[in-house]
Amino acid sequence: MNSILRKLLVGKVSRSYVPKYNPIQKRILNIKSIWNNDHQDDNGIEKIVRLLLSGSQLLFPGIYIKYFACKKGYEYQDLALDFYVLAKVLFPILILINEWQSNTYIVWILVYLLLETVLYIPTLIFASDLFSRPRSYKRSMLLLFFNYIEIVVSFGVLYTIGDNMNKPFEHWFDSIYFSVVSSNSIGFGDYYPITTFGKVLVSLQAMFFLSFVILFLNFFSTKVKSKGYFEDAEN
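About the thresholds
Residues numbered from 1 in each chain as written. Predicted model: local features only at pLDDT ≥ 70, side-chain atom pairs only at ≥ 80, totals over all residues. Heavy atoms only, no water. Helix = DSSP H or I, 4+ residues; strand = E, 2+ residues; numbered from the N terminus. Buried < 20%, exposed > 50% of the residue type's maximum accessible area, 1.4 Å probe, protein only. Contact = heavy atoms within 4.5 Å. UniProt positions renumbered as here; feature names shortened; annotations may be inferred. Core = buried A, V, L, I, M, F, W, Y, C linked by side-chain atoms within 4.5 Å. Salt bridge = Lys/Arg side-chain N within 4 Å of Asp/Glu carboxyl O. Phe/Tyr/Trp six-rings, centres within 6.5 Å; stacked < 30°, edge-to-face > 60°. Lys NZ or Arg CZ within 6 Å of the ring centre and 35° of its normal. Expected span 1.5 Å × (residues − 1). Polar contact = N/O pair within 3.5 Å; in protein donor to acceptor, adjacent residues only side chain to side chain.

- By the naming in an unreviewed UniProt entry, the protein chain goes by Two pore domain potassium channel family protein and is assigned to Flavobacterium celericrescens.

Put into structure tokens, the structure is as follows:
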């Protein structure tokens, strides 16, 4: 059973490969690389934004989860991050189901984790000078899908705080429904914001959808290669 689970969750990993630096060291080296213009001759606002993006990852749990997983073996980094991403998806769902949004501390934790997700993708694209390509771009695309779900459900929680809508949500899923509709700029009109705070949330979510999802897909879709599919199919 252990071998089956290992094959399923960890996959095929080369035992001969041992990373030279742990995730925290690599992030610090990446910040130094941006500062010294080792890989890109940038300056001004571009360099400031790249430094802020790269340094921001040290403020969130993801990199430390990878660090402690690396101590067990570098092959466990991806697995630990997978469970972390799934946990971040489940957290706002639990908040809605159990109506925990009245707890200020829980809401701030939600916003903190949401900020990590929102900053991660532009960091990966614009400020990862020293990081090699992932083991699988298809895995990155799949994690993007879960990141998108996290953003949608997290905004669903934020929409339930206060009286920001034209009418209250009758079911815990109604706010998720409105969040999905808003992120895709559909707008059926059954729910809509009536306060400035609500309108700001909708505007931010629309911006995140355009910058986070479309930009990511444009960047990574060109790197995903289909290998082996239908190559031996008979005509």
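Now that the structure is up, let's keep going.
## Some thoughts on the overall build of the protein chain
- Check the secondary structure of the protein chain and you find nine helices and zero strands.
- Secondary structure elements in the protein chain, listed N-terminal to C-terminal, are α-α-α-α-α-α-α-α-α.
- A total of 235 residues make up the protein chain; the buried ones form 38% of that total.
- A separation threshold of at least 6 residues defines the contact pool for the protein chain, and within that pool the share at least 24 residues apart is 73%.

## Considering the UniProt feature "transmembrane region" (unreviewed entry) in the protein chain
- As recorded in UniProt, the feature "transmembrane region" (unreviewed entry) lies at residues 81–100, 106–130, 142–162 and 200–220.
- Between the end C-alpha atoms of residues 106–130 the distance is 35 Å, and the span holds 84% helix and 0% strand.
- Taken end to end, residues 142–162 comprises 86% helix and 0% strand; its first and last C-alpha atoms sit 33 Å apart.

## Some remarks on the nonpolar core
- Counting residues in each nonpolar core, the largest one holds 22 residues, and the members touching the most others are L114, F155, L158, Y159, F169 and F178.
- Looking at this core, the elements that each hand over two or more residues are α5 (76–98), α6 (104–126), α7 (137–159), α8 (172–183) and α9 (196–220).
- If we skip the residues at most four places from it in the chain, L158 touches V107, L110, V111, L114, F197 and L201.

## Section: the pattern of salt bridges
- Enumeration over the complete set of coordinates arrives at three salt bridges.
- Here D42 ties to R50 by a salt bridge, and the two come within 2.5 Å at their closest N and O atoms. Neither residue differs from the other here; D42 and R50 are each classed as buried.
- One connected set of salt bridges, linked through shared partners, spans K88, E116 and E150.

## A short note on the packing of aromatic side chains
- If you walk through the whole model with that rule in mind, you get nine aromatic pairs.
- Here F155 and F208 contribute two aromatic rings whose centre-to-centre distance is 6.0 Å and whose plane-to-plane angle is 65 degrees, an arrangement assigned as edge-to-face. You can see F155 sitting in helix α7 and its partner F208 sitting in helix α9, a full 53 residues away along the chain.
- Taking relative accessible area as the criterion, F208 reaches 22% and is therefore assigned partly exposed.
- With a centroid separation of 4.9 Å and an interplanar angle of 40 degrees, the aromatic rings of F169 and Y191 are classed as tilted. Pair noted here: F169 is in the loop between α7 and α8 and Y191 is in the loop between α8 and α9, with a separation of 22 residues, a long-range link.
- Here Y191 falls in the buried class, since its relative accessible area comes to 10%.
- In textbook terms, an aromatic cluster arises when at least three aromatic residues are bridged by ring pairs, as seen for F155, Y159, F169, F178, Y191 and F208.
- Over the ring of W35 we find K47; its NZ or CZ atom is 5.2 Å from the centre of that ring.

## So, helix α2 (residues 23–35)
- Taking 1.5 Å as the rise per residue, α2 with 13 residues should run 18 Å; its terminal C-alpha atoms sit 18 Å apart, in good agreement.
- Taken residue by residue, α2 has P23, I24, R27, N30, S33 and I34 as its buried positions.
- Where α2 is buried, its residues touch α3 (44–56), α4 (61–72), α5 and α6.
- Between the side-chain oxygen of the N-cap and the backbone nitrogen of I24 there are 3.0 Å, and the N-cap of α2 in question is N22.
- Trailing α2 by a residue or two, N37 shows a phi angle of about 55 degrees, which is positive.

## A word on unusual backbone geometry
- Not every positive phi belongs to a glycine, and N37 is a case in point at roughly 55 degrees.
- Take N37: it is sitting in the loop between α2 and α3.
- Looking at N37, the relative accessible area reads 25%, which means it is partly exposed.
- Even without a glycine there, the phi angle at E99 is positive, about 55 degrees.
- Secondary-structure assignment places E99 in the loop between α5 and α6.

## Thoughts on the environment of L119
- Residue placement: L119 occurs in helix α6.
- The sequence separation of L119 and S56 amounts to 63 residues, and the corresponding C-alpha distance is 7.7 Å.

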